Amino acid sequence: RFAPGEIDDFYRDIGFADVHDLGLPVAVPLLPDAGSDPTLDAVGDSALRVTPMHMAIAAAGLSNGGVLSSPFLVMAVNTPQQGWVVLPTGQGKRALPEAQAAQAVRLLALPDLPAWQSLGTAQTEGHPLTWYLAGTLPEWQGSPLAVVVILEERDPALAQKIGRSILEETLLP
């Protein structure tokens, strides 16, 4: 639940306003005007525009105890002089208290996997989108994992089938 004006701060806290430097052109997110109706955001009918990368970072933050990771394209490079060199990946940023992140993912938990999932649809410039977000629960013993599937059509069943298959292949031996 958000008090008036808090939703704008929340969007910034979870990184929706961040522009990430990946050495490539990246889309700039568009946040709604301050004081806009958060109900419209929830049903995909507002000025809020985020990229798949922003959604992946936010989903990963839920699975990572409320800490957002810095995106990167490569973890290491193989140089002729030094062999494999690990590149710096940046610092994470706390977006939510750990207890709140855990509570949120438990509300979305799957009954048969140590994971959570959420589905949503939206419109952008007249084109339908379907979002599937998922990730591991706090009790998962491996590294936290997030899965984001975006379809440029309105097909929640297909998005869930794709995302769920990725989760099962990754989490079940």
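Residues numbered from 1 in each chain as written. Predicted model: local features only at pLDDT ≥ 70, side-chain atom pairs only at ≥ 80, totals over all residues. Heavy atoms only, no water.

As for the sheet that holds strand 5 (residues 115-124)
Spatially, 5-6-7 is the arrangement adopted by the three strands of the open sheet, whose pairing is antiparallel. In this open sheet, the two strands that pair with only one neighbour each are strand 5 and strand 7 (146-151). Taken over all neighbouring pairs, the strand axes of this sheet differ in orientation by 15° on average, direction set aside. Where strand 6 (residues 127-136) lies against strand 7, six bridges are found, and the strand directions are antiparallel. Looking at strand 7, one finds that Ala134 is bridged to Val147. (Pairing = 2+ DSSP bridges. Helix = DSSP H or I, 4+ residues; strand = E, 2+ residues; numbered from the N terminus. Axes fitted to C-alpha atoms, helices over the stretch in contact; angles between N-to-C directions.)

As for the side chain of Arg164
Along the chain, Arg164 falls in helix 5 (residues 156-171). Within the structure, the side chain of Arg164 is placed 2.8 Å from the side chain of Glu168, a separation counted as a polar contact. Ignoring any residue separated from it by four or fewer positions in sequence, one finds Arg164 in contact with Leu110, Asp112, Leu113 and Tyr132. (Polar contact = N/O pair within 3.5 Å; in protein donor to acceptor, adjacent residues only side chain to side chain. Contact = heavy atoms within 4.5 Å.)

Notes on the environment of Thr89
Mapping Thr89 onto the fold places it in the loop between strand 3 (83-86) and strand 4 (93-94). Separated by 19 residues in the primary sequence, Thr89 and Ser70 place their C-alpha atoms 6.6 Å from one another. With sequence-adjacent residues up to four places away left out, Thr89 is seen in contact with Ser70 and Phe72.

Section: the pattern of salt bridges
Counted under the stated rule, the structure contains three salt bridges. Between Arg164 and Asp112 there is a salt bridge, and its shortest N-O distance comes to 2.4 Å. With a gap of 52 residues between them, Arg164 in helix 5 and Asp112 in the loop between helix 4 (98-107) and strand 5 connect regions that are remote in the sequence. Classification of Arg164 as buried rests on a relative accessible area of 17%. Glu168 serves as the salt-bridge partner of Arg164, at 2.8 Å between the closest nitrogen and oxygen. Note that Arg164 and Glu168 are positioned in helix 5 at a spacing of four residues, about one turn of the helix. By relative accessible area, Glu168 is classed as partly exposed at 30%. (Salt bridge = Lys/Arg side-chain N within 4 Å of Asp/Glu carboxyl O. Buried < 20%, exposed > 50% of the residue type's maximum accessible area, 1.4 Å probe, protein only.)

Focus on the confidence of the model for the protein chain
This prediction gives the protein chain a mean pLDDT of 82; 80% of its residues lie at or above 70. Mean pLDDT values for the elements of the protein chain range from 49 in helix 2 (residues 38-42) up to 95 in helix 5. Across residues 40-45 the pLDDT falls below 50, and counting only partners more than four positions away or on other chains, this stretch makes eleven contacts in the model. (pLDDT = per-residue confidence, 0-100.)

Things to note about the pairing of strand 5
One ladder, built from ten bridges, connects strand 5 with strand 6; its direction is antiparallel. Of the residues in strand 6, the one forming a bridge with Ser118 is Leu133. With antiparallel pairing between neighbouring strands as the criterion, strand 5 and strand 6 make up a hairpin whose turn holds two residues, including Glu125 at a positive phi of roughly 45°.

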